[in-house]
Amino acid sequence: MNIKQTLKENKSLFLKKWFQATIETYPKDSARILGKDANRFDNPVGAITRESLENILDLITDKYSEESLEKALDPIIRIRAVQAFNASEAVSFVFALKKIGQGILDDSHQRQFDPMVDQIALASFNKFMKCKEEIFLLKATESKRRVHRAFERAGLVAELKENDLLGSKKS
Amino acid sequence: MSKELTPDEALDKINFTPKSGNWMDTTPSVQIKPGMYCYAAKADSVKTLGLPNARPWNPLEEDWKLPENWQEILHQGIKERLEKFRTFKIFMDVCVRCGACADKCHFFLGTGDPKNMPVLRAELLRSVYRNDFTTAGKILSKIPGGSRLGGGRPLTMEVLKELWYYFFQCTECRRCSVFCPYGIDTAEITIMARELFNLVGLNIDWIATPVSNCFKTGNHLGIQPHAFKDMLDFFVEDIEEITGVDCTPEYQKKGADILFITPSGDVFADPGTYTCQGYLMLFKYLKDKYGLDVTWSTYASEGGNFGFFTSHETMKRLNAKMYAEAKRLGVKWILGGECGHMWRVIHQYMDTMNGPADFLEVPVNPITGTVFENARSTKMVHITEFTADLIKHNKLELDKSRNSNRVITYHDSCNTSRGMGLLDEPRYVINNVCDNFYEMPSNTIREQTFCCGSGSGLNAGENMELRMAGALPRANAVKYVHEKFGVNTLGTVCAIDRAALSTLCEYWVPEVEVYGIHELVGNALILPGEIKRTQDLRMEPLPGMEEE
Ligand code: SF4
Ligand code: SF4
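Residues numbered from 1 in each chain as written. Chains lettered and ligands numbered in written order. Predicted model: local features only at pLDDT ≥ 70, side-chain atom pairs only at ≥ 80, totals over all residues. Heavy atoms only, no water.

A. Spatial organisation of the overall build of chain B. The number of helices and strands found in chain B is 23 helices and nine strands. Scaling as 2.2 N^0.38, a compact globule of 548 residues should have a C-alpha radius of gyration of about 24 Å, and chain B matches this with 24 Å. In terms of its C-alpha atoms, chain B occupies a principal-axis envelope of roughly 80 × 55 × 40 Å. Counting contacts in chain B only where the partners sit at least 6 residues apart, residues at least 24 apart contribute 76% of the total. If you sum the accessible surface of chain B, you get close to 19100 Å²; carbon and sulfur atoms cover 51% of it. Between the centroid of the 59 positive side chains of chain B and the centroid of its 70 negative side chains there is a distance of 6 Å. (Helix = DSSP H or I, 4+ residues; strand = E, 2+ residues; numbered from the N terminus. Rg over C-alpha atoms; globule rule 2.2 N^0.38 Å. Contact = heavy atoms within 4.5 Å. Areas by Shrake-Rupley, 256 points an atom, 1.4 Å probe, with all protein chains shown as cover. Lys, Arg positive; Asp, Glu negative; His and termini not counted. Charge placed at Lys NZ, Arg CZ, Asp CG, Glu CD.)

Encoded structure:
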């Protein structure tokens, strides 16, 4: 069996362990609640985390690129980028996969699996930085845009184009 | 919903009883993290209001520059408030730590920080109360390790910093109170905590400076009367370009029927500005058709009240000017714009603070004859109640097709829904001006609505991570209706929401845009004598006019 088939066969085990490891990055008392399989609107972090992890596992058992990995990582990283994690804590959950693999895969499969995890990790760094940049942009421009732009339309302030404040992002 | 857990199941392993010894250790001693806290109040703003201990300080520094006797001041402050506010005393005493509220707070759900569980947030202060104000606590505190045994702890600097950090991570939204079997309202506890902080000069700037501006110039942004008028003049020009109708309003008109007051965000910040144009059009329509005489005031130029997030006294000072202006102008009653916390102040506090406003008349809609019984004492009516009443009596001519490109859902502002029960009127108006309305899931709307994450003065820039984390439960539901029904519009009747939800959408669901309800009314309303409209109020082509 090749590595992708093995991963596919063991997907639910991987998912269970990976989800547990990811939720355990939260403080213990929070993890007990966020780890429950509750209604997705009552527990968005739990639900979105589970979905993202599953999508990533599906992706690596199939064809994938840096771009598709980043897309699958977006929902979970987007959340972790606004929680009180530092950068390494925010993406640490990816590395848990290596250890999980060791308990499930044989040595030769593990050797093929590790570089795949590295690729996920690299994509997660990229995604984390992009989310942080979005946050910094919102921080820097939010109130200027909302108030300043209204005044500008009314001709009450000297011309300062929205794009000067913003770059290309729409409001 | 079948998988929904009962609180007992969800919390089976957590012991919220402080006697178990370790609840305060769920996270290491407080670390004030960038992105999660707001900057300190500027000394000038604190000084303007005559509040104590105006000085520059920084929450990240070790020394918060408190008066030497800060513990005594806070102890006395707690004591006075326990005597004055029965709710505070009860809320300090009756929590049984059942945990039903624990997973109901958007900040807990979004940040994953256990001290954002309402029960633990309240416990931060309750532990001090228990130590200093209960007999058991007082006795226990005399033996080594005794306080801890009784779930109490002395008010040290470390404890104060923790209180400050977490009570500025609560938007006073009251969602937790809906699920508490005892009706404990953690928002009220936060309100008390913030009053206490103000006694020793620990406000945040995003609250203190707007309050000081409002006190000096009449609105949170500190915009002077002539600029207020300039903005409305500019809206009038835009509306004339779009509709061919001149909607010039009245200012400070003595003897008008109604004084209209809206949050200044509608006049000065996008996208509230378009909602403001909707108001101007509605008043023009009512004047032409029915002779209704509405006046604006450049003095009472703020409906919002950030004093509410400071102290009862400050809230009262800001609230008073609306009534002073109504009295001066001799109007019959006050109509208020689309806002959230403005209405909580009016509905829950105004009457005991500055009321009864018996120099005004019980609000009656002169066009329909409807008596607004709910406003009998405060004399102030929310514009969606007013507009819903007009529509119900067939008094408005509306062309829904002009909003047919809007697939809309509605966000209940915490304050209008849980604070005053305004649930159906906005939906009724939306359904009469739009065809494509879809509700978000039932556990995220109406009384159970999730906060925008930026209420109660927390809509600053520096705490963006906190705001976006707190916004997650709301955004998650918006995203769901966006994906399922193609929703592209998030409607709201709150000025803070119009700004905060716009940012929420940019980060979480960029395909969705935020609209005030009266912007949609303005688009649909057929003004007497209007030209053929090709643009909406944002000057985008109307549906079907894209090619012309
Ligand atoms: S009032 Fe709202 S923000 Fe505050 S603890 Fe309760 S649910 Fe959380
Ligand atoms: S639901 Fe009420 S009684 Fe139960 S822990 Fe929360 S505040 Fe206490």
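B. Examining the overall build of chain A more closely. Helix and strand counts for chain A come out as eight helices and zero strands. For chain A, the α and β elements follow one another from N to C terminus as α-α-α-α-α-α-α-α. At 20 Å, chain A has a C-alpha radius of gyration far larger than the 16 Å of a compact globule built from 171 residues. Taken along the three principal axes of its C-alpha coordinates, chain A extends 70 × 35 × 25 Å. Across chain A, the fraction of contacts at a sequence separation of at least 24, relative to all contacts at a separation of at least 6, is 64%. As displayed, chain A offers around 8200 Å² of accessible surface, 52% of which is attributable to carbon and sulfur atoms. Between the averaged position of the 29 positive side-chain charges in chain A and that of its 25 negative side-chain charges there is a distance of 3 Å.

C. Here's a closer look at the site of ligand 1. The full set of residues close to ligand 1 is B:Cys105, B:His106, B:Pro118, B:Arg121, B:Cys170, B:Thr171, B:Glu172, B:Cys173, B:Arg174, B:Cys176, B:Thr186 and B:Ala187. When its residues are assigned to classes, the shell around ligand 1 shows six nonpolar, three polar and three charged. (Near = heavy atom within 4 Å. Nonpolar A, V, L, I, M, F, W, Y, C, P; charged D, E, K, R; others polar.)

D. Summary view of the packing of aromatic side chains. Inspection of the entire model under this criterion finds 25 aromatic pairs over all chains. Pairing B:Phe283 with B:Trp296 gives two aromatic rings, centres 6.4 Å apart and planes at 70°, and the pair type is edge-to-face. Of the two residues, B:Phe283 is situated in helix α15 (residues 272-290) and B:Trp296 in strand β3 (residues 294-296); the sequence distance between them amounts to 13 residues. In this structure B:Trp296 comes out as buried when scored by relative accessible area, which is 2%. Taken together, the ring pairs in this structure connect B:Trp57, B:Trp64, B:Trp164, B:Phe168 and B:Phe197 into an aromatic cluster. In this structure, A:Arg50 packs its charged tip against the face of A:Phe19, placed 3.9 Å from the ring centre. Over the ring of B:Phe179 we find B:Lys104; its NZ or CZ atom is 4.9 Å from the centre of that ring. (Phe/Tyr/Trp six-rings, centres within 6.5 Å; stacked < 30°, edge-to-face > 60°. Buried < 20%, exposed > 50% of the residue type's maximum accessible area, 1.4 Å probe, protein only. Lys NZ or Arg CZ within 6 Å of the ring centre and 35° of its normal.)

E. Region of the structure containing the site of ligand 2. Neighbouring residues of ligand 2: B:Cys95, B:Val96, B:Arg97, B:Cys98, B:Gly99, B:Ala100, B:Cys101, B:Val119, B:Cys180, B:Pro181, B:Tyr182 and B:Ile184. Of the residues that constitute the shell around ligand 2, the class distribution is 10 nonpolar, one polar and one charged.

F. Seen up close, the pattern of salt bridges. Counted by the stated rule, this structure contains 45 salt bridges over all chains. Residue A:Lys127 is joined to A:Asp74 by a salt bridge in which the shortest nitrogen-to-oxygen separation is 2.8 Å. Taken together, the residues A:Lys127 in helix α7 (residues 107-153) and A:Asp74 in helix α5 (residues 66-80) connect sequence positions 53 residues apart. The exposure class assigned to A:Lys127 is buried, which follows from its relative accessible area of 12%. B:Arg427 is paired through a salt bridge with B:Glu439; the nearest N and O atoms lie 2.6 Å apart. On the criterion of sequence distance, the pair formed by B:Arg427 in helix α20 (residues 424-433) and B:Glu439 in the loop between β7 (436-437) and α21 (464-485) is long-range, its members being 12 residues apart. For B:Glu439, a relative accessible area of 31% gives the class partly exposed. Beyond isolated ion pairs, a larger network of salt bridges with shared partners links A:Asp74, A:Arg78, A:Lys127 and A:Glu134. (Salt bridge = Lys/Arg side-chain N within 4 Å of Asp/Glu carboxyl O.)

G. Expanded view of the interface of chain A and chain B. On the chain B side, the residues contacting the 44 residues of chain A number 64 residues. Interface area for chain A against chain B, summed over the two sides, is near 4500 Å², with a carbon-plus-sulfur share of 59%. Summed over the three residues of chain A that lose the most area to chain B, namely A:Phe41, A:Arg146 and A:Arg153, the buried surface amounts to 17% of that side. Applying the counting criterion to the chain A and chain B interface returns three salt bridges. Put simply, chain A and chain B have 11 residue pairs in polar contact (both at pLDDT 80 or more) between them. Of all the secondary structure elements, the ones that give two or more residues to the side of chain A that touches chain B are α3 (28-34), α4 (44-60), α5 and α7 of chain A. Element by element, the count of residues in the side of chain A that touches chain B is highest for α7(A), at 16 residues. When the residues that make up the side of chain A that touches chain B are grouped by side-chain class, the tally is 22 nonpolar, five polar and 17 charged. (Buried area = accessible area lost by both parts, 1.4 Å probe. Polar contact = N/O pair within 3.5 Å; in protein donor to acceptor, adjacent residues only side chain to side chain.)

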